[in-house]
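The residues making up each chain are set out below.
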Amino acid sequence: MNETRKLTTILAADVAGYSRLAGLDEEGTLSQLRGLRSSLIDPTISLHRGRVVKRAGDGILVEFRSPVEAVRCALEVQKGMTERNADLPSDRRIEFRIGIHLGDVVEEADGDLMGDAVNIAARLEAIAQPGGMILSDDAYRQVLGKINDTFADLGEQTLKNIARPVRVYGQVIQGMQTAEAPKPTLALPDKPSLAVLPFQNISGDPEQDYFADGMVEDIITGLARINWLFVIARNSSFAYRGKSPDIRQVGRELGVRYVMEGSVRKGGNRLRINCQLIEAESGTHVWADRYDGALEDVFDLQDRITESVVGVIEPNVRRAEIERARRKRPESLRAYDLHLRALPYFASDMPEDAGRGVEFLEQALALEPNYAPAHAFLAWGMEMRVVRGGFNEADAQAGLHHARAALAAPTDDATSLAVASFVVLHLGHDFDLAANSIERAIALNGSCATAFYFGSHIHALSGNVKIAEDYAQRALRLSPFDPFVFEAYIALGMVRLRAGQDDDAAAYFAKGVHANPHFSTLYAMLSAALALAGRTSEAKAAAARLIELEPGFRVAPLIKMASGFAVPSLLGRWSEGLLKAGLPE
């Protein structure tokens with residue numbers, strides 16, 4: 001047999017959701033794909049000196065002499081597809097998934113390539129997100145410092161039919177969903193478990209989506225306050241928004257026995273809510289009901305739904321458990337509405353976005369001065385403005401005022417207490433009050449992922465390693481797809497940075513960047529850890545992104561501010577790393 005071995009770079013790509021696209025319009029999809037091959041894909045491969053090894057339907061396998069050329073080719077193709085898809089509806093877009101690996105292959109006489117390296121590239125492509133790219137560690141090390149784009153360390157992944165785990169890196173793309181590691185199957189907890197998926201807004205008015213979301217969040221909170229239930233946090237449940245997932249898959253990915261879904265119709269002053277509860281493993285419907293009422297009765301409707309679900313899951317539940325699940329509601333429905341409108345603006349953890357949410361919260365407090373959620377999130381908005389917007393003392397005092405008001409208000413809302421605790425630590429430097437308030441939040445709602453996320457942050461800064469790691473892991477279990485998942489990675493990274501485990505710290509901070517690529521403080525942590533680990537070119541790239549997001553960043557003011565609530569051993573290493581990364585003092 002005439003064959004040779006060689007080291008080469010393999011790029012594997014296919015069309016995400018090709019079967020669905022072909023089912024909708026087979027002829028049109030094939031025509032579009034042929035046009036893309038002739039106008040974009042093949043010319044770009046040729047430009048970067050690639051060789052097409054084989055095509056198989058919607059897939060392609062390409063060989064490159066260099067990982068750098070392979071990645072540059074992939075970037076140009078994905079950029080070209082973004083431009084071509086801009087004016088198409090989401091269900092008609094052709095989006096490629098790409099995997100790239102450097103490895104040893106067997107080249108046969110006809111030019112075909114065989115071996116594990118080919119299989120690994122194909123498996124990497126399979127776990128990439130539509131429009132995204134994943135590199136193996138072998139390929140990533142060769143492009144490091146030669147490609148301007150940022151890649152996040154997704155850790156070791158077990159790939160199908162590949163003997164050993166492979167460390168992989170996913171591209172962080174501005175304005176796009178980036179590649180993610182495959183979602184693991186989670187074991188069921190030792191008590192009844194439930195996820196409430198986002199309800200469909202069938203009001204005919206997309207502007208009412210926020211109301212449907214807020215109502216579901218209140219149902220989740222009511223259920224979560226029942227201490228024998230394990231309830232997945234809202235932020236992870238809502239990862240399924242806009243999708244029609246297999247309920248059995250949802251149960252496996254979130255590790256729950258029951259899944260609840262429904263719809264909301266809001267018309268004038270009337271509400272109609274349809275709900276159903278499904279046993280996830282079998283897909284069996286165990287309960288369904290419809291609730292009608294006036295808008296001012298929305299909280300009573302939520303309580304009725306909570307009671308019905310509890311009655312199905314645990315027929316012998318005592319009435320007292322349900323009574324303890326009720327929250328103190330605002331007197332003004334308008335204040336509640338304004339609070340719901342504000343929440344989406346806090347996801348990025350950056351002051352420009354939060355400023356828009358603050359405007360809604362100020363209106364809510366004008367209507368109801370003791371409304372704890374509005375005080376808590378307004379305090380958080382001020383904290384963002386202080387830490388990443390110039391360390392203004394007036395903003396610090398205003399933020400601390402609202403945080404203390406949230407903690408003092410007659411509330412049993414765990415999320416509000418957790419957010420206020422975080423602000424009290426950062427702006428008031430009061431660790432005891434912050435830690436005690438987190439404990440209070442967890443006691444009220446043992447399924448409040450936000451309390452565990454912020455609690456891990458608070459204890460990592462203070463040096464309580466065991467509690468920080470425990471809270472971070474519990475948060476990740478309660479809400480694995482949470483927009484605030486980066487807080488757990490910050491805590492785990494800070495613990496390792498303080499211990500001198502710089503490569504491990506950088507890996508956690510990189511996961512945080514992958515989860516929230518717009519949060520400037522993550523790049524401050526990542527650049528420091530990379531610099532301390534001696535990974536200079538990566539550190540400088542992360543530092544450059546930090547300055548891009550926060551042009552006024554300086555090391556000294558940040559360290560001075562953090563000195564009020566972080567242990568000196570952590571601050572010393574962070575400061576050293578920031579300066580090593582070349583950031584301005």
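Residues numbered from 1 in each chain as written. Predicted model: local features only at pLDDT ≥ 70, side-chain atom pairs only at ≥ 80, totals over all residues. Heavy atoms only, no water.

Student: Quick question: what am I supposed to make of the packing of helix 5 (residues 209-224) against helix 10 (residues 333-342) here?
Tutor: Angle between the axes and distance between the axes: these two values describe a pair of packed helices. The contact between helix 5 and helix 10 brings their axes to 9 Å, and the two run at 100°. If you check the angle between helix 5 and helix 10, you find them roughly perpendicular. Across from Tyr210, Phe211, Gly214, Met215 and Asp218 in helix 5, the residues of helix 10 making contact are Tyr336, Asp337, Leu340 and Arg341. A per-class count over the contact of helix 5 with helix 10 returns 5 nonpolar, 1 polar and 3 charged. (Axes fitted to C-alpha atoms, helices over the stretch in contact; angles between N-to-C directions. Helix = DSSP H or I, 4+ residues; strand = E, 2+ residues; numbered from the N terminus. Parallel < 35°, antiparallel > 145°, perpendicular 65-115°, else oblique. Contact = heavy atoms within 4.5 Å. Nonpolar A, V, L, I, M, F, W, Y, C, P; charged D, E, K, R; others polar.)

Student: Even after reading the chapter, I still don't get the pattern of salt bridges, so can you show me in this structure?
Tutor: Where charged atoms from two side chains of opposite charge come close, those side chains can pair. The final tally for this structure, using the stated rule, is 24 salt bridges. Between Asp112 and Lys54 there is a salt bridge; the shortest N-O distance is 3.4 Å. Of this pair, Asp112 sits in the loop between strand 4 (96-107) and strand 5 (113-114) while Lys54 sits in strand 2 (residues 51-56), placing them 58 residues apart in sequence. What makes Asp112 buried here is its relative accessible area of 15%. The partly exposed category is assigned to Lys54, whose relative accessible area is 37%. Measuring nitrogen to oxygen at the nearest pair gives 3.0 Å for the salt bridge that ties Arg545 to Glu548. You can see Arg545 and its partner Glu548 sitting in helix 21 (residues 536-549), 3 residues apart, about one turn around the helix. (Salt bridge = Lys/Arg side-chain N within 4 Å of Asp/Glu carboxyl O. Buried < 20%, exposed > 50% of the residue type's maximum accessible area, 1.4 Å probe, protein only.)

Student: Explanation requested: the packing of helix 12 (residues 372-389) against helix 13 (residues 393-408) in the structure shown.
Tutor: Here helix 12 crosses helix 13 at 155°, and the two axes come no closer than 8 Å. With respect to helix 13, the axis of helix 12 lies roughly antiparallel. Remark: the crossing between helix 12 and helix 13 carries left-handed chirality. Contact residues: Ala372, His375, Ala376, Leu378, Ala379, Met382, Arg385 and Val386 in helix 12; Asp395, Ala396, Ala398, Gly399, His402, Ala403, Ala405 and Ala406 in helix 13. In the contact of helix 12 with helix 13, the residues fall into 11 nonpolar, 3 polar and 2 charged. (Left-handed = near helix turned anticlockwise from the far one by under 90°.)

Student: What is the right way to look at the pairing of strand 6 (residues 133-136) in this model?
Tutor: Along any regular strand the residues' side chains alternate between the sheet's two faces. On strand 6, burial covers both faces: Met133 and Leu135 on one face and Ile134 and Ser136 on the other are all buried. In this sheet, strand 6 lies alongside strand 4 in parallel orientation, the contact comprising 3 bridges. Along strand 6, the bridge assignment pairs Gly99 with Ile134. (Pairing = 2+ DSSP bridges.)

Student: Hey, could you run me through helix 18 (residues 485-498) in this one?
Tutor: The α-helix advances 3.6 residues per turn, and as a result positions three or four apart in sequence lie on the same side. The end-to-end C-alpha separation of helix 18 is 21 Å, in line with the 20 Å expected for 14 residues at 1.5 Å each. Counting buried positions along helix 18 yields 13 of 14 residues, so the element is predominantly enclosed. Gly500 occupies a position one or two residues after helix 18 and carries a positive phi of about 80°. (Expected span 1.5 Å × (residues − 1).)

Student: Honestly, the packing of aromatic side chains in this entry has me stumped. Any pointers?
Tutor: The description of an aromatic ring pair rests on the distance of the ring centres and on the angle between the ring planes. In total, this model carries 14 aromatic pairs according to the counting rule given. Considering the side-chain rings of Trp380 and Phe422, the 6.3 Å spacing of their centres and the 75° angle between planes classify their relative orientation as edge-to-face. Of this pair, Trp380 sits in helix 12 while Phe422 sits in helix 14 (residues 414-428), placing them 42 residues apart in sequence. For Trp380, a relative accessible area of 1% puts it in the buried group. (Phe/Tyr/Trp six-rings, centres within 6.5 Å; stacked < 30°, edge-to-face > 60°.)

Student: Please explain the environment of Asp14 as it appears in this structure.
Tutor: Of note, Asp14 is situated in strand 1 (residues 4-15). Residue class for Asp14 comes out buried when judged on its relative accessible area of 13%. As a C-alpha pair, Asp14 and Pro584 span 570 residues in sequence and 44 Å in three-dimensional space. Excluding its chain neighbours within four sequence positions, the residues that come into contact with Asp14 are Asp58, Gly59, Glu95, Phe96, Arg97 and Glu125. A distance of 2.9 Å separates a polar atom in the side chain of Asp14 from a polar atom in the side chain of Arg97. (Polar contact = N/O pair within 3.5 Å; in protein donor to acceptor, adjacent residues only side chain to side chain.)

Student: Just to check I follow, could you spell out the pairing of strand 4 for this structure?
Tutor: In terms of burial, strand 4 is largely enclosed, as 11 of its 12 residues are buried. Across 12 bridges, the pairing between strand 1 and strand 4 is antiparallel. Across the sheet, Lys6 pairs through a bridge with Val105, a residue of strand 4. Sheet topology note: the strand 4/strand 5 ladder contains 2 bridges and is antiparallel. In the sheet register, Val106 faces strand 5, and the bridge partner there is Met114. Between the end of strand 4 and the start of strand 5, which pair antiparallel, lie 5 residues, with Gly111 showing a positive phi angle near 90°.

Student: In this structure, what is going on with unusual backbone geometry? I would like to understand it.
Tutor: The residue Arg49 is not glycine, and still its phi comes out positive at about 60°. Position of Arg49 relative to the elements: it lies in the loop between helix 1 (18-47) and strand 2. With relative accessibility at 51%, the residue Arg49 sits in the exposed group.

Student: Whenever I open this one, the nonpolar core confuses me. Can you help?
Tutor: When a protein is soluble and globular, its nonpolar side chains tend to lie buried together. In this structure, Phe199, Met260, Trp380, Trp574 and Leu578 are the most contacted members of the largest nonpolar core, which totals 149 residues. Excluding its chain neighbours within four sequence positions, the residues that come into contact with Phe199 are Ala212, Met215, Val216, Ile219, Met260, Glu261, Gly262, Ser263, Val264, Ile273, Asn274 and Cys275. Membership of the second largest hydrophobic core comes to 33 residues, among which are Val68, Ala70, Val71 and Ile147. (Core = buried A, V, L, I, M, F, W, Y, C linked by side-chain atoms within 4.5 Å.)

Student: Help me understand the environment of Leu492 in this model?
Tutor: One can find Leu492 in helix 18. Taking relative accessible area as the criterion, Leu492 reaches 1% and is therefore assigned buried. Considered as a pair, Leu492 and Gly204 are 288 residues apart in the sequence and their alpha carbons are 44 Å apart. Residues in contact with Leu492, not counting those within four places in the same chain, are Glu469, Ala472, Gln473 and Tyr508.

Student: Honestly, helix 17 (residues 465-478) in this entry has me stumped. Any pointers?
Tutor: Along its 14 residues, helix 17 runs 20 Å from first to last C-alpha, staying within 8% of the 20 Å computed at 1.5 Å per residue. Looking only at helix 17, the buried set comprises Ala468, Tyr471, Ala472, Ala475, Leu476 and Leu478. Axial view of helix 17: buried residues confined to an arc of 165°, hence all on one face. On its buried side, helix 17 packs onto strand 11 (230-231), helix 15 (431-444), helix 16 (449-462) and helix 18. (Arc of directions from axis to C-beta.)

Student: What is the right way to read the environment of Thr221 from this model?
Tutor: Along the chain, the position of Thr221 falls in helix 5. On the basis of relative accessible area, Thr221 is assigned to the buried category, the value being 13%. The spatial distance from the C-alpha of Thr221 to the C-alpha of Glu27 is 48 Å, given a sequence separation of 194 residues.

Student: Looking at this structure, how should I read the side chain of Arg97?
Tutor: For Arg97, the location among the structural elements is in strand 4. Polar side-chain contacts of Arg97 include one of 3.3 Å to the side chain of Glu125. Within polar-contact distance, the side chain of Arg97 engages the backbone oxygen of Ala126 at 3.3 Å.

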